[in-house]
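Here is what each chain is made of, one letter per residue.
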Amino acid sequence: MPDKKTASFMRSLCLGRIEEEILLPYPEPTAQEKETLSAVLATLKAMLTPREKSFHEWDIAGEMPAEFIRELKEAGLFGLVIPEAHGGLGFGATAYSRVIQELGRFDGSTAVTVGAHSSIGMRGLLLLGTEEQKARYLPRLATGELVAAFCLTEPGAGSDAAGIKTSAVRDGDDWILNGEKIWITNGGFADFFTVFAKTSLEGRGHITAFLVTRDMAGVTNGPHEDKMGLRSSSTTSVAFQDVRVPASNVLGEVGKGFKVAMRILNAGRTGLGGGAVGGMKRLIELSSAHARERVQFGRPIAQFETIRQKIGQMVVDCYAAESVVNLVAGLVDRGYEEVAVEAAISKVLATEALWRTSDEALQIAGGAGYMRELPYERAMRDCRVNRIFEGTNEILRLFIALAAVNDVAEELKDLAHSMRDVLADPIKGFGVLSDYAKRRASLATGLGGAKAKFTLLAPSVAEEARQFEDQTRALAVAADRLLRKHGKRIVDEQLACRRLADAMIDLFSLAAVLARVSTRIEDHGEAAAGRERDILRAFAGQVRARVDGALAGIDSDGERDVLALGDQAIEAGRYGWDNL
Ligand SMILES: Cc1cc2nc3c(=O)[nH]c(=O)nc-3n(C[C@H](O)[C@H](O)[C@H](O)COP(=O)(O)OP(=O)(O)OC[C@H]3O[C@@H](n4cnc5c(N)ncnc54)[C@H](O)[C@@H]3O)c2cc1C
């Protein structure tokens, strides 16, 4: 069995190994979990359905009434992931993500208000807090008496989080915090802040995480931001002026705050993914109803192939995103610790699938979709930011690709060591060398080494499984080749990295769909899985074309022309071929 502390499906995949035990059987909630979750979801549905009109009005007004936030607290929504011992519901990642999904179905602003509290605002306390810190804050966070916010971004530090300027200087038993954070979700009413500050004034980095509460003198927030979407959710700046924070409120180790931030963001991603899946399900319902009801050329538009294809594609995208999000949440719940790459993939995949879905749903609604009266334009505005916050999708693609390349580099380093070792200790050295040589030979010949094939899948998904194995080999060969070609400079080869990441995103999604459909077949028989089998076939066909395309061009200079045109426009500050 894979070691849950170190095993990562995707990192192994880039070395050409398919660790199928990590995926199979595809995680399913237990009967007990299903029962609890169904009860919570039914309560939520009853609470949110009559609010449809209010969500629309609150979006226009750009404000969520305090009374509604009180209702969310009373429904236990601020205690979802807090252990029962501290007064919460003790939900794992899967159940939590499913609840955010239900919120996302109704209203993005509501989902993000609850999500910012649980996914990121107080996640650090849960992951890394001392028992004393947890006892001090978790019970009040569970009831919503304290609402949490995550304070990392600053005017000069967005994606480059290590560049923050907020400072914390030690003074006796306290730290004195100074600085300003921007675009903080829940900033207007949160009482508990996970704040990242520099604890050494020299250079970049040296960041520490602090638990700060509203009652500490010097904490203030700016006005509500007037946003494109998620308009009724609170987004404000939060300023810290000479805030005296006791040393007992340091979260994790002094100087290790950057790692704390990354751990929090990694852990929170299945929440955002869940919200995106909820949004897609709702849009599929709306689009299907509209396509049935809207008559043009004497027929419901649902009868036109173009419309059917759009809705079918929404279903494929939603199924793939749901499979990935649930798989990653299931891995977290089963105790796998190395899921950063998989979690990043789930975020990119789900947020982009929702964006496409919202665009097509609006298109199916035609001109009506453009009117504020209907929910489509709000859905589009609300989901746009998903590709920007909690790590932009560009940065996450770089992270996904570089994690893979890093592992290949490690193996090459082992090879270099072994070459040295060959001289010092021929037996040990040749051992490592031959492992690497075997792997390269198996990749090159396609004959397969250990772990190059699926063995646990249902026989009827064999065709898609073979495709996955072939494309895995192509991925591993591409990663190896890129590294040999660029060495350390690979970090600046962003176009190649993007292609590698795109292939990885598609392959992980295919693996998740394969595992889910296969498990369904094994548990319920072929007939019960009929439609899901169709989704697998359709999705695998799309993945085949995309991965082949991404990897075929990975070494080419095809996009250099586009880069040069970009440089030219940036330099000139305009389009250069206006013919007037
Ligand atoms: C509604 C909303 C809510 C938010 N909530 C919070 C919150 O609760 N807490 C919090 O701390 N922050 C929050 N944020 C901030 C959010 O996390 C940042 O906007 C995000 O990290 C991106 O930073 P930036 O906006 O400064 O963009 P930048 O980092 O300036 O990026 C601009 C563009 O350049 C690209 N880019 C940047 N660096 C590179 C690179 N090396 N290579 C290639 N491309 C690159 C980016 O992908 C992006 O497309 C929120 C933002 C919004 C809009």
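Residues numbered from 1 in each chain as written. Predicted model: local features only at pLDDT ≥ 70, side-chain atom pairs only at ≥ 80, totals over all residues. Heavy atoms only, no water.

**Student:** Looking at this structure, how should I read the overall build of the chain?
**Tutor:** Secondary structure assignment for the chain yields 20 helices and 10 strands. Projected onto its principal axes, the C-alpha positions of the chain cover 75 × 70 × 65 Å. Considering the chain as a whole, with its 580 residues, one finds that 53% of them fall into the buried category. Pairs at least 24 residues apart make up 76% of the contacts formed inside the chain by residues separated by at least 6 positions. Surface accessibility of the chain: about 26100 Å² in total, with carbon and sulfur atoms responsible for 55%. Taking the average location of the 71 positive side-chain charges in the chain and that of its 79 negative ones, the two points are 2 Å from each other. (Helix = DSSP H or I, 4+ residues; strand = E, 2+ residues; numbered from the N terminus. Buried < 20%, exposed > 50% of the residue type's maximum accessible area, 1.4 Å probe, protein only. Contact = heavy atoms within 4.5 Å. Areas by Shrake-Rupley, 256 points an atom, 1.4 Å probe, with all protein chains shown as cover. Lys, Arg positive; Asp, Glu negative; His and termini not counted. Charge placed at Lys NZ, Arg CZ, Asp CG, Glu CD.)

**Student:** Even after reading the chapter, I still don't get the confidence of the model for the chain, so can you show me in this structure?
**Tutor:** Low-pLDDT stretches of the model should not have their predicted coordinates read in fine detail. In this model, the chain carries an average pLDDT of 92, and 93% of its residues clear a pLDDT of 70 or more. Confidence drops under pLDDT 50 across residues 425-430; counting only partners more than four residues distant or on other chains, this segment forms 6 contacts. (pLDDT = per-residue confidence, 0-100.)

**Student:** Could you clarify how one ought to interpret the site of the ligand in this entry?
**Tutor:** Neighbouring residues of the ligand: 17 residues in total, closest F150, T153, S159, W183 and T392. Separating a nitrogen atom of the ligand from a backbone N or O atom of F150 is a distance of 2.8 Å. Here a nitrogen atom of the ligand and a side-chain polar atom of T185 are 2.8 Å apart. Isolated, the ligand exposes 970 Å² of accessible area, and the fraction of that covered by the protein chains is 66%. Among the elements of the structure, β3 (174-185) and α15 (393-424) are those that each provide at least two residues to the shell around the ligand. Counted by class, the shell around the ligand contains 9 nonpolar, 6 polar and 2 charged residues. (Near = heavy atom within 4 Å. Polar contact = N/O pair within 3.5 Å; in protein donor to acceptor, adjacent residues only side chain to side chain. Nonpolar A, V, L, I, M, F, W, Y, C, P; charged D, E, K, R; others polar.)

**Student:** Got a minute to help me understand the packing of aromatic side chains in this structure?
**Tutor:** Each pair of aromatic rings is reported with the distance of its centres and the angle of its planes. Taken as a whole and assessed by the stated rule, the structure comprises 12 aromatic pairs. Seen from their ring centres, F193 and F240 are 6.3 Å apart, and the 85° between their planes marks the pair as edge-to-face. You can see F193 sitting in strand β4 (residues 192-198) and its partner F240 sitting in strand β7 (residues 235-246), a full 47 residues away along the chain. Pair check on accessibility: F193 and F240 agree, each one buried. Positioned above the aromatic ring of W355 is the side chain of R384, whose terminal nitrogen or guanidinium carbon lies 5.4 Å from the ring centre. R516 extends its terminal NZ or CZ atom over the ring of Y319, reaching a point 3.9 Å from the ring centre. (Phe/Tyr/Trp six-rings, centres within 6.5 Å; stacked < 30°, edge-to-face > 60°. Lys NZ or Arg CZ within 6 Å of the ring centre and 35° of its normal.)

**Student:** Sorry if this is basic, but what is going on with the nonpolar core here?
**Tutor:** Most often, soluble globular proteins keep nonpolar side chains buried together rather than apart. With 96 residues, the main nonpolar core has F9 and F468 as its most contacted residues. Ranked by residue count, the leading element in this core is helix α18 (residues 494-524), at 17 residues. Ignoring any residue separated from it by four or fewer positions in sequence, one finds F9 in contact with I18, E19, I22, L23, E342, F468, F508 and A511. With 52 residues, the next largest nonpolar core counts M47, L103, L211 and I264 among its residues. (Core = buried A, V, L, I, M, F, W, Y, C linked by side-chain atoms within 4.5 Å.)

**Student:** What exactly am I supposed to notice about the environment of S234 here?
**Tutor:** In this fold, S234 is placed in the loop between β6 (219-221) and β7. On the basis of relative accessibility, which here comes to 9%, the residue S234 falls in the buried class. In this structure, the C-alpha to C-alpha distance between S234 and K5, residues 229 residues apart in sequence, is 37 Å. Excluding residues that lie within four positions of it along the chain, S234 makes contacts with I184, T185, N186, G187, G188, F189 and H224. For S234, the side chain forms a polar contact with the main-chain nitrogen of G188, separated by 2.8 Å.

**Student:** Mind showing me how you'd approach the pairing of β3 here?
**Tutor:** One face of the sheet, then the other: side chains in a regular strand alternate in exactly this way. Bridge analysis of strand β2 (residues 167-171) against β3 gives 5 bridges, and the strand direction is antiparallel. Pairing of S167 across the sheet is with N178, part of β3. Where β2 hands over to β3, the hairpin turn is made up of 2 residues, of which G172 adopts a positive phi near 60°. One ladder, built from 9 bridges, connects β3 with β7; its direction is antiparallel. Within β7, the position partnered with K181 by the bridge is V238. (Pairing = 2+ DSSP bridges.)

**Student:** Help me understand the environment of A496 in this model?
**Tutor:** Residue placement: A496 occurs in helix α18. A496 sits in the buried class, given a relative accessible area of 5%. Measuring from C-alpha to C-alpha, the distance between A496 and L551 comes to 8.8 Å, with 55 residues separating the pair along the chain. Leaving out residues up to four positions away in the same chain, A496 has contacts with L482 and I554.

**Student:** Would you take a moment to explain unusual backbone geometry for this structure?
**Tutor:** Phi is mostly negative for residues that are not glycine, and the peptide bonds are mostly trans. Note the cis peptide between L24 and P25, where omega equals -5°. Considering the arrangement of structural elements, one finds P25 in the loop between α2 (20-23) and α3 (31-48). The backbone of D242 shows a phi angle near 45°, a positive value even though the residue is not glycine. Here D242 is to be found in strand β7. A positive phi angle, near 55°, is found at F297, a position not held by glycine. Its location among the elements puts F297 in the loop between β9 (295-296) and β10 (299-300).

**Student:** Teacher, can you tell me more about the pairing of β7 here?
**Tutor:** Pairing of β6 with β7 involves 3 bridges; the strand directions are antiparallel. Paired with V219 across the bridge in β7 is F240.

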